[in-house]
Every structure is written in structure tokens, then in C-alpha cells.
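So the chains spell out like this:
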Amino acid sequence: MAGHMTPEEFRRYGKQVVDWIADYQEKVESYPVQSQVRPGEVLASLPAGPPEEGEGFEAVLADLDRVVMPGITHWQHPSFFAYFPANASGPAILGELLSAGLGVQGMLWATSPACTELETRMLDWLAELLGLPARFRSDGDGGGVIQDSASDAVLIALLAALHRRDGGAAAREGITRRHTLYVSSQTHSSLEKAARVTGIGAANVRVVDVDPDTLAMDPAHLDALITEDIAAGAVPVLACATVGTTSTTAVDPVREIGEVCSRHGVWLHVDAAYAGVAAVCPEFRWVNDGLDGHVDSYATNPHKWLLTNFDCTALWVADRAPLVGALSILPEYLRNRASASGEVIDYRDWQISLGRRFRALKLWAVIRWYGAEGLRAHIRSGVRLAAELASRIGADPGFALLEHHPFGLVCFRPRWEGLPDDEADAATLRVMERLNASGDLYLTHTRVGGRVLLRMAIGAPGTGDAHVEAAWRRIREETAREGRPAGQ
Ligand SMILES: *Cc1c(COP(=O)(O)O)cnc(C)c1O
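Let us look at the structure shown here. What you see is a predicted model; the values in this text were computed from it and never measured.

### What about the state of the cysteines?
At step 1: Inspection of every chain in the model, using the stated rule, returns zero disulfides.
At step 2: C115 takes part in no disulfide bond, and the closest cysteine sulfur, belonging to C312, lies 12 Å away.
At step 3: No disulfide involves C281; its sulfur sits 18 Å from the nearest other cysteine sulfur, which is in C312.

Quick look at the structure:
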């Protein structure tokens, strides 16, 4: 049994696997959206130890249905509205399969030239599709690279920013002065993580005020904090502006923030993890406002809303020199003529780890399958469904709607008549928990101005009018069951 799987065997089981995935796609709607297993249930159905003898692939496929599927939350379910979408698509899945089939390590140009050059071209294509400024493209000083996640992208940006600030002193000698970072209360938690990882320290992450209505960062307060920190002897390193915050898709004023950063020599990273890809549509090009100003790095996730299986974050820098300066280390065993010639990109110098997967293949497959028009149609469908849902919620006196919803996310809450805020919020959360436990749909929540809001993020490839209507009906049903919202 225990030999390698032959190409013939691979052909046989590979076809079964592809059939299994196609069957799953056909019946994904028949599953409860959120997995209903209890903690430890999947663990308990797995043998405590590995088999001594090989078991054959049929056994794996059988256990996939028996052991794994009950413990799956169906992110591709058309009634998955939690967090943000994590789109999978046929071409992306096949691109992943091809990448696995080739099994290359793309750490250096020399370790698989196509892995590097296809990635360079794909990031330039994507820059063009999104209408990003020319300086992010690889034919100038800048360029793009695929990272695992937006969290990695922000860490990479921070390392490049540190390098630009001190010429590598912190990297060589350790951080000896107080360095500061600038975020808002709405910035993704990955910024704080990056502060911890780099040794800058979470206490040196400065929180800039937001406008209480739009939740957008206040550039004047950013300026004041940076000025104060410099006067106190600190070294301001990086500010992070967000286009489409995780909580509510608020949009920071990137241009004004960039002007402040440029005055103080602070690196500006723009995190558009979710919303940035909307720029494939001309009517959403405004999400790029300010990117032509003083922006040093920009990240968006094709793996959220642009039909590309996780992982695929696109990170662009306006100047690749500080990035490579921060991360390039050349041990003897990696020396090679192509790298020494300076004619090639070695993406290991653009990321934390050495090894890297051939992720450009799935992006290539997605962009070629859908074309710009297909990608636009997908974004527009999510936006339209969200706008229609928002207008229903807005017209219902029993619910309060957060007015800002330019993308696929709608935030709202039931209005609980006569309940103090904390009890009302508890009631809202109970409604959400019952909805999620029903398996009919999956929502998450956030807090804005201290109040709990439900988040409904629309953007799975299969989501249509009927799914959003059914969700809205279920939300009203469970709200009515919980109590009596205002006006009903
Ligand atoms: C989702 C999100 C992230 C994190 O993305 P990962 O790729 O999962 O790390 C970061 N920033 C924003 C604004 C996000 O919405």
C-alpha cells in the first residue's frame, strides 16, 4: 500500500476530488451555514494517532464527509453574510490545484522564473484593473507582491518604513528609541500586532480621533499627535489609513492624511483589504482618492471580494528599495548568478518567510476567466443587493440603519422599545445567536458608539435576491420573537 501515488492513481482520485468539489458547489445551500458542532466534536471523531500502514485515498474521501463536513462553516454558502466574504471560484480553485501540482518554491527568481515573472505581471495587471497610480507598477521604482494576508502586508510595510526611517539601525541594533505608529479606533488589529512583533510596542500605537458620524480619521488630530510625539523625542514611523474599515467600511481621508505624513516623513500605509477591489468598477474609483498623493504602500485582498481563494493579498509599494533593504539577507546557499546580476526580482526579499507558493497562477486564472467585465459584474451584484437591503431596513421603523454603506456591508440593529442600551444590545445579540444557530444564515456584529450593530456582508458569488430577502425575513422573524421592536 505504502508506495507513492502513481500518476494513474492520481488521475483516478484527482477526478474523484474534482467531482467531490463540483458536487459540493451544487449542494452548498443544503448545509446549515454555520457549523453546528460543539468544541471537541471533530477532534473526538479522529483517531488519536496516525496509521502505521497506508490506508488508500478512498478512506480519506469517506472521512471527509463523515468527520470534516459537520465541522465546516460554509463560507461559500449564498447566505453567508458574516465577517467579510472569502470568495472562492472555479478558476481560482483550479489555479490552486495547478500550483500544488507544480509544487515549486518561488523564493528566488532562479528557483522558478515563471513563478516570479507571472506574479510581477499579475500585480501590474491588477494595478491597471484597479486604476492605481503608475508609481506602484513594477516598471518604475515601485511594484507589487502577493502576501498571505493584509496583516502580513501591514507588517511588511512597517518593516520597510522602519528601514527608511533609520537606514536599518533598528534592524541591526534593536529598537533603542521610542518609535510611534498612528491608527484610529477603527484600524484593523493587525497594526497593533505588527507593533508587538516589531518590538515597537503596543503602547506606542497612537490612536487618532475619528469623526463621530463618519468614523473617518481626523487628519488634524494626526498632525497634532505626531507633532507632540516628535517634541517628546519619539520617532514617528508609520500611519495606517483605512479605506473600508472592518467594522463598518468607513473611509479615511487618504489625501489629507498623506499630506500630514509627508510633512513629517512618516510612511503612509493604506489598508483597503476589503473595499479596494471595488475599484475594478469605474464608479468605485473614488476608493483610490489620495493614492496619487503621499502614499507609500497600499494593500487590498483579492481573497476577500475578488473571487480568488485565500490566500492572496496584493501589496504595492511606491518605492521597493526600503522594503528590500529591510528584508534582504543573502546567505551563501542562496547566492546565484541571476540574483547577483540585479536583473531579476527575488520575492523572498519582499516577505517574512523564505519559501513562497505560486499564488499568481490562481490570480491569472481568475482574471482571464472573468475578464474586467466579469469582475465588475460580481462587485456590482454585491453592492446592488446591499443597497436594496439597506433601503428595506431604512424603511422599517423597527430598525436603525447605519447610513454609510457604499459597498457590500450593511450595519443595522433592531430598535428595542423602552429598553436601556445594554439590555437592548443583549437582545440584539440574542437575535443574532438564534439566527446563526438556525443555520439559515450567518451574521456577525460590531460596536459603534458603544452600541451593538449587526453586520450583514453581501458578496459570496452565489448570493442573489432570494437569499437576501430570506435573510431579511428571518431577521424580522427572530426580532419579533425576541420582543417587540419599536413601531411593530
Ligand atoms: C479583513 C481585513 C484585514 C485582515 O485581512 P487578512 O487578509 O485576513 O489579514 C485587514 N484590514 C482590513 C481593513 C480588513 O477588512
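### Overview of the environment of V287
At step 1: In this structure, V287 sits in the loop between strand 5 (267-271) and strand 6 (297-300).
At step 2: Here V287 falls in the buried class, since its relative accessible area comes to 2%.
At step 3: Along the chain, V287 and A250 lie 37 residues apart, while their C-alpha atoms are 11 Å from each other.

### Focus on the sheet that holds strand 2 (residues 179-184)
Picture the strands of a sheet paired through backbone hydrogen bonds; they go either parallel or antiparallel.
At step 1: Strand order in the open sheet formed by seven strands is 1-7-6-5-4-2-3, and the pairing between neighbours is mixed. The open sheet is flanked by strand 1 (143-147) and strand 3 (205-208), the only strands paired with a single partner. In this sheet, adjacent strand axes meet at a mean angle of 20° when their direction is disregarded.
At step 2: The sheet contact formed by strand 5 and strand 6 spans three bridges and is parallel.

### A closer look at the packing of helix 4 (residues 90-102) against helix 14 (residues 360-395)
At step 1: Put simply, helix 4 and helix 14 touch, their axes get as near as 7 Å, and they point 150° apart. Where helix 4 crosses over helix 14, the two elements pack in a sense that is right-handed. Packed against helix 4, whose contacting residues are P91, A92, G95, E96, L98, S99 and L102, the element helix 14 presents L361, K362, A365, V366, W369 and Y370 at the interface.
At step 2: Its residues assigned to classes, the contact of helix 4 with helix 14 comprises nine nonpolar, two polar and two charged.

### Details of the side chain of S35
At step 1: As for its position among the elements, S35 is in the loop between helix 1 (7-27) and helix 2 (41-44).
At step 2: Among the polar contacts made by the side chain of S35, one reaches the main-chain amide nitrogen of V37 at a distance of 3.4 Å.

Definitions and cut-offs
Residues numbered from 1 in each chain as written. Predicted model: local features only at pLDDT ≥ 70, side-chain atom pairs only at ≥ 80, totals over all residues. Heavy atoms only, no water. Disulfide = S-S within 2.5 Å. Helix = DSSP H or I, 4+ residues; strand = E, 2+ residues; numbered from the N terminus. Buried < 20%, exposed > 50% of the residue type's maximum accessible area, 1.4 Å probe, protein only. Pairing = 2+ DSSP bridges. Axes fitted to C-alpha atoms, helices over the stretch in contact; angles between N-to-C directions. Left-handed = near helix turned anticlockwise from the far one by under 90°. Contact = heavy atoms within 4.5 Å. Nonpolar A, V, L, I, M, F, W, Y, C, P; charged D, E, K, R; others polar. Polar contact = N/O pair within 3.5 Å; in protein donor to acceptor, adjacent residues only side chain to side chain.

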